[in-house]
Amino acid sequence: TFNDPTLNDLIAAGLRDNRNLKIAGLRVFESRAILTGAKANLAPQQIQTTASGGYGANAVNDAKISDSDFTFGDADFSIGWELDFWGRFARAIEANNALYLQSIADYEDFKILLTSEIARQYFTYRTLQQRIDILDENAKLQKRSLEITTNRYKAGEDSELNVQQAKAQYLATISS
């Protein structure tokens, strides 16, 4: 907004290197993972599959034996989950979704605060630089005024009071 490359560089460095901002970003990831875990409670919590098979020989009857006498098999599949009759899982999802959205808002708020604080400090620094430049220029002018007043006093064209006033102004300026 201010078209100041130095300020832009400072803000970019602040956003890149600030640990607290990185922590806020990690909290967004953390809250999203917790929300995903809460949503997973709506899926079956236990799935079990078993299968077995075998082949055996009948020792009692050595007569002609068919294949159907010796093969057997079994398959089993079960699935189970807790139904959300009272809305416990739904409320957990809503709460974790709110925490996720809050973590995003906190991250964005921190970015804005960090950026504005960097800009405020930068403009304070620039203002102080300008004040110092103005004071230096003013001190040069006051010194020149003192020299002129002193020369006029020596020439008998001005009073000692004016010299002392010019000297006091100059000393007040350089003490700022």
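Rules of the game
Residues numbered from 1 in each chain as written. Predicted model: local features only at pLDDT ≥ 70, side-chain atom pairs only at ≥ 80, totals over all residues. Heavy atoms only, no water. Salt bridge = Lys/Arg side-chain N within 4 Å of Asp/Glu carboxyl O. Helix = DSSP H or I, 4+ residues; strand = E, 2+ residues; numbered from the N terminus. Buried < 20%, exposed > 50% of the residue type's maximum accessible area, 1.4 Å probe, protein only. pLDDT = per-residue confidence, 0-100. Core = buried A, V, L, I, M, F, W, Y, C linked by side-chain atoms within 4.5 Å. Contact = heavy atoms within 4.5 Å. Expected span 1.5 Å × (residues − 1). Arc of directions from axis to C-beta. Axes fitted to C-alpha atoms, helices over the stretch in contact; angles between N-to-C directions. Parallel < 35°, antiparallel > 145°, perpendicular 65-115°, else oblique. Left-handed = near helix turned anticlockwise from the far one by under 90°. Nonpolar A, V, L, I, M, F, W, Y, C, P; charged D, E, K, R; others polar.

### Side note on the pattern of salt bridges
Working step 1: Scanning the entire structure with this criterion turns up five salt bridges.
Working step 2: We note a salt bridge from Glu117 to Arg120, for which the minimum N-O separation is 2.8 Å. Here the residue Glu117 and the residue Arg120 both occupy positions in helix 3 (residues 88-154), the gap between them amounting to three residues, near one helical turn.
Working step 3: Of the residues examined, Glu117 reaches a relative accessible area of 35% and is grouped as partly exposed.
Working step 4: As a salt-bridge pair, Glu147 and Arg144 come within 3.6 Å of each other at their nearest N and O atoms. With a gap of three residues between them, Glu147 and Arg144 both fall in helix 3, about one helical turn apart.
Working step 5: Note on Glu147: relative accessible area 35%, which makes it partly exposed.

### A look at the confidence of the model for the protein chain
Any residue range with low pLDDT should be treated as having predicted coordinates unsuitable for detailed reading.
Working step 1: Across the protein chain, the average pLDDT comes to 84, with 76% of residues at or above 70.
Working step 2: Per-element confidence in the protein chain ranges from a low mean pLDDT of 62 for strand 1 (residues 46-55) to a high of 94 for helix 1 (residues 5-17).

### Here's the deal with the nonpolar core
Working step 1: The biggest cluster of nonpolar side chains holds seven residues, and these are Leu7, Ile11, Leu21, Leu114, Ile118, Ala119 and Tyr122.
Working step 2: When contributions to this core are tallied by element, the ones reaching two or more residues are helix 1 and helix 3.
Working step 3: For this core, the element with the most residues is helix 3, which contributes four residues.
Working step 4: Aside from chain neighbours lying at most four places away, what touches Leu7 is Phe2, Ile118, Ala119, Tyr122 and Phe123.
Working step 5: In terms of nonpolar packing, the next biggest core, distinct from the first, is built from five residues, Val28, Leu35, Ile93 and Tyr100 among them.

### Re helix 4 (residues 160-175)
Working step 1: The end-to-end C-alpha distance of helix 4, which contains 16 residues, comes to 22 Å, matching closely the 22 Å that a straight helix rising 1.5 Å per residue would cover.
Working step 2: Here helix 4 has its buried residues at Val163, Ala166, Tyr170 and Thr173. The buried residues of helix 4 occupy an angular sector of 95° when the element is viewed end-on, so they sit on one face. Of the exposed residues in helix 4, the ones pointing more than 90 degrees away from its buried face are Leu161 and Ser175.
Working step 3: Against helix 3 lie the buried residues of helix 4.

### Things to note about the environment of Tyr122
Working step 1: Considering the arrangement of structural elements, one finds Tyr122 in helix 3.
Working step 2: Taking the C-alpha atoms as reference, Tyr122 lies 9.8 Å from Ile11; in sequence the two are 111 residues apart.
Working step 3: Not counting chain neighbours up to four residues away, the residues in contact with Tyr122 comprise Asp4, Thr6, Leu7 and Leu10.

### Quick word on the side chain of Ser31
Working step 1: Along the chain, Ser31 turns up in helix 2 (residues 19-40).
Working step 2: Not counting chain neighbours up to four residues away, the residues in contact with Ser31 comprise Leu99, Tyr100 and Ser103.

### Examining the packing of helix 2 against helix 3
Working step 1: It is the contact of helix 2 with helix 3, at a shortest axis distance of 9 Å, that shows an interaxial angle of 165°. It follows from the interaxial angle that helix 2 and helix 3 lie roughly antiparallel. Read as a crossing pair, helix 2 and helix 3 show a hand that is left-handed. In this structure, helix 2 uses Asn20, Leu21, Ala24, Gly25, Arg27, Val28, Ser31, Arg32, Ile34, Leu35, Ala38 and Lys39 to contact helix 3, whose residues at the interface are Ala92, Ile93, Asn96, Asn97, Leu99, Tyr100, Ser103, Ile104, Tyr107, Phe110, Lys111 and Leu114.
Working step 2: Tallied by class, the residues present in the contact of helix 2 with helix 3 amount to 14 nonpolar, six polar and four charged.

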